[in-house]
Amino acid sequence: MGLVHIYFGDGKGKTTAALGLALRALGDGFRVCVCQFLKSAKSGETEALKRFESAVLLRAEERSGKFLWQMNENERAECLARQRELLERAAAAEADLYVLDEALDAVQVGAFSLDALLERTEALRERAEIVITGHEAPEALLLRADYITRMQKLRHPYDHGVRARRGIE
């Protein structure tokens, strides 16, 4: 039986911590499934994961190139449907460690219900370790977690106009 890790909050480092654990697991010969919700941009971490035979990266194809808040009603509905499908694809993957990156945010925007995430988490933990990231963690999920880490932003260059930097953010 695997344990459940929650990395949440408004600070930088949730995905970085989750993928650091994935890298550790890959180095020890584990099979890893990284499922990224609400993300579609190319990044250093996704490129690095492609270098490991025992790593599976799942992302929904983004068709509009827009953030969720910029989408019209039809685009938003299609995007959320792809996120629901992504949760099912992750559950079907064979892995020793699952990273459900931004799954908490996917619940928050209505891509799938908290109950659906809880159900998948309980099923997956029977066979693997699970890491879930996002901004806000519902109490029902926190009660089931074995590790809980809150990332709190105290200062960030973005607040002063510094945009995300390649290789760092």
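Residues numbered from 1 in each chain as written. Predicted model: local features only at pLDDT ≥ 70, side-chain atom pairs only at ≥ 80, totals over all residues. Heavy atoms only, no water.

S.K.: Just to check I follow, could you spell out the side chain of Gln36 for this structure?
M.R.: Within the secondary structure, Gln36 sits in strand S2 (residues 32-36). Judged by relative accessible area, Gln36 falls into the buried class, the value being 1%. Looking at Gln36, its side chain comes within polar contact range of the side chain of Arg59, at 2.9 Å. At 3.0 Å, the side chain of Gln36 and the side chain of Asp101 are in polar contact. Those residues within four positions of Gln36 in sequence are excluded, and the remaining contacts are Thr15, Glu45, Thr46, Leu57, Leu58, Arg59, Ala60, Leu86 and Asp101. (Helix = DSSP H or I, 4+ residues; strand = E, 2+ residues; numbered from the N terminus. Buried < 20%, exposed > 50% of the residue type's maximum accessible area, 1.4 Å probe, protein only. Polar contact = N/O pair within 3.5 Å; in protein donor to acceptor, adjacent residues only side chain to side chain. Contact = heavy atoms within 4.5 Å.)

S.K.: Which parts of the structure should I look at to understand the sheet that holds S2?
M.R.: Picture the strands of a sheet paired through backbone hydrogen bonds; they go either parallel or antiparallel. Pairing in this open sheet of 6 strands is parallel, and the strands run S3-S2-S4-S5-S1-S6 from one edge to the other. Sheet topology places strand S3 (55-59) and strand S6 (147-151) at the edges, where each strand pairs with a single neighbour. Averaged over all pairs of adjacent strands, the angle between their axes in this sheet comes to 10°, without regard to strand direction. Examined bridge by bridge, S2 and strand S4 (residues 97-101) share 5 bridges and lie parallel to one another. Bridging across to S4, Val34 finds its partner in Val99. Packed onto the sheet, helix H1 (residues 14-27) meets strand S1 (4-9), S2, S3, S4, strand S5 (129-134) and S6 and runs at close to 155° relative to S1. Lying on the sheet, helix H3 (residues 73-92) is in contact with S2, S3 and S4; it crosses S3 at an angle near 165°. (Pairing = 2+ DSSP bridges. Axes fitted to C-alpha atoms, helices over the stretch in contact; angles between N-to-C directions.)

S.K.: Can you walk me through H1 in this structure?
M.R.: Along its 14 residues, H1 runs 20 Å from first to last C-alpha, staying within 8% of the 20 Å computed at 1.5 Å per residue. Within H1, the full set of buried residues consists of Lys14, Thr15, Ala18, Leu19, Ala22, Ala25 and Leu26. Seen from one end, H1 has its buried residues packed into an arc of 110°, which puts them on one side. Turned more than 90 degrees away from the buried face of H1, the exposed residues are Thr16, Arg24 and Gly27. Two residues or fewer past H1, Gly29 is found with a positive phi of approximately 85°. (Expected span 1.5 Å × (residues − 1). Arc of directions from axis to C-beta.)

All we've got here are geometric facts, nothing functional implied.
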